[in-house]
Amino acid sequence: MKMKSRSHGILIARRQTGGMFEVKIRAILDEIYTRKMELEKVCVCKITDRKATSKIVKKISQRHPLLSLGHLKRIKNKNGELKIILSTQNDVDGPEDLLKTIQNCPGNDLDLNNIIGPVETAEVPKWQPLTRAQFNEARQYWPTAFHEDKQITRALNDELFDLKEREIIEDYLLKSIKLADRCKNNMSCSTGTVIVDPETNHVVATAHDMSSDLQQLRPGDQSNLTGHPLHHAVMVNIDMVARSQGGGAYEIKTESSEKESPFFQPQAVCSNKETKIGPYLCTGYDLYCAQEPCIMCGMALVHSRINRVFYVLPTNDGAFQSKYKIHVTPGLNHNFKVFHVTSNKLTIAVQETFYGNLPSTTETQEPC
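Report follows, based on the coordinates.

Basis of the calculations
- Residues numbered from 1 in each chain as written.
- Predicted model: local features only at pLDDT ≥ 70, side-chain atom pairs only at ≥ 80, totals over all residues.
- Heavy atoms only, no water.
- Helix = DSSP H or I, 4+ residues; strand = E, 2+ residues; numbered from the N terminus.
- Contact = heavy atoms within 4.5 Å.
- Buried < 20%, exposed > 50% of the residue type's maximum accessible area, 1.4 Å probe, protein only.
- Phe/Tyr/Trp six-rings, centres within 6.5 Å; stacked < 30°, edge-to-face > 60°.
- Lys NZ or Arg CZ within 6 Å of the ring centre and 35° of its normal.
- Arc of directions from axis to C-beta.
- Salt bridge = Lys/Arg side-chain N within 4 Å of Asp/Glu carboxyl O.

Digging into the environment of Ile295
Point 1. Along the chain, Ile295 falls in helix 9 (residues 295-303).
Point 2. For the pair Ile295 and Tyr324, spaced 29 residues apart in sequence, the C-alpha separation works out to 8.0 Å.
Point 3. The contacts of Ile295, once residues within four sequence positions are left out, are Asp317, Gly318, Ala319, Tyr324 and Ile326.

Regarding unusual backbone geometry
Point 1. The phi angle at Asp158 is positive, at roughly 55°, despite the residue not being glycine.
Point 2. Its place among the elements puts Asp158 in the loop between helix 6 (150-156) and helix 7 (163-180).
Point 3. Looking at Asp158, the relative accessible area reads 15%, which means it is buried.
Point 4. Even without being a glycine, Asn201 presents a positive backbone phi close to 60°.

Description of the packing of aromatic side chains
Aromatic ring pairs are reported here in terms of the distance separating the ring centres and the angle at which the planes meet.
Point 1. For the structure on display, the rule yields 7 aromatic pairs.
Point 2. Relative to Phe146, the ring of Phe135 lies with its centre 4.8 Å away and its plane at 10°, an arrangement referred to as stacked. Remark: Phe146 occurs in the loop between helix 5 (132-138) and helix 6 and Phe135 occurs in helix 5; sequence separation between them is 11 residues.
Point 3. We classify Phe135 as buried; its relative accessible area is 12%.
Point 4. Under the relative-accessibility criterion, Phe146 is labelled buried at 16%.
Point 5. Ring pairing ties together the aromatic residues Phe161, Tyr172, Tyr288, Phe310 and Phe339, which thus form one cluster.
Point 6. Above the ring of Trp127, the side-chain terminus of Arg35 is found at 3.7 Å from the ring centroid.

Comments concerning helix 2 (residues 53-63)
The α-helix advances 3.6 residues per turn, and as a result positions three or four apart in sequence lie on the same side.
Point 1. Within the span of helix 2, buried status applies to Thr53, Ile56, Lys59 and Ile60. Buried residues of helix 2, seen end-on, are gathered within an arc of 135° and therefore sit on one face of the element. Exposed positions of helix 2 whose direction lies more than 90 degrees from the buried face are Ser54 and Lys58.

What about the pattern of salt bridges?
Point 1. Counting across every chain of the model gives 7 salt bridges.
Point 2. Here Glu120 makes a salt bridge to Lys83, at a shortest N to O gap of 3.1 Å. On the criterion of sequence distance, the pair formed by Glu120 in strand 5 (residues 116-125) and Lys83 in strand 4 (residues 81-88) is long-range, its members being 37 residues apart.
Point 3. Overall, Glu120 belongs to the partly exposed group, its relative accessible area being 32%.
Point 4. Using a relative accessible area of 22% as the deciding quantity, one classes Lys83 as partly exposed.
Point 5. Salt-bridge contacts for Lys323 lead to Asp317; the nearest nitrogen and oxygen are separated by 3.3 Å.
Point 6. Given the relative accessible area of 51%, Lys323 is considered exposed.

Below is the structure:
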């Protein structure tokens, strides 16, 4: 089943859950959507002759165009009182110099002394608001342009997924936690991953961390891959996807059934490297991960062209939330969506897998 957001499904789900979803999915967005509004000081003055407003705006805009503050409206109308931005504070030496340069502007036939008041200093939004919350904050200082991105608004309000989609996401994350249970003796790096094709809702490959000593793993795990510090769950899982496409670099012994091995690889997309068909690595695929991936794994996901990442536990030096945001870093040749997911079932599974009978804790793990 293709996982597409449906507004009617969301409304039905909300009615069924009393207006709140049990499975919370928080989009990890670029900081430009969550940052607090910064302010910049400008020189303003009151317009005493309202009839001359258009001429004043034209003349002042010619002399001091607001190149860095193009998102602001030049005029502010508050309770019938008009104020105009003359210039940024850095553009002039002082109020007297400002009025003098405007008055002496070629072609200026206005006597500013009779139509505007004294120059004042005001604080205005430094950049254009991108969200409704930023806009509501910005307009308290000065009128500004705002073009709402509905998709970003839905992401901020956790409205991207309906009830059925949330259940699917939760199930795959529970599976990733179960995979992590196979290597939980190594608490610093115990995680499991599941890569899914959202077009068909079929599992492409699964894996767990292999960077620890294999002697610590439970009997029955089938693998001839020796422990290696680079063999994190995400790296192994991407390699499993590559194997399904006729590639792969790791030597992993897989079983025919997903239930028999943590390293599940279904029927290959192609078996001939010379006639490779299908997507490039993880193009269009979703990753479900028990823990937030590390920087190395984050970059591997960039290069493998992953579509979306869902994870449960933040980590101390994670690639997407805790310390970095690789998935939205400008300059990289691929960006993708990342979501932090929480629910009662996931909390219980994490407690049992990572902490056993220990009291619940909010401490994060080392990233894998």
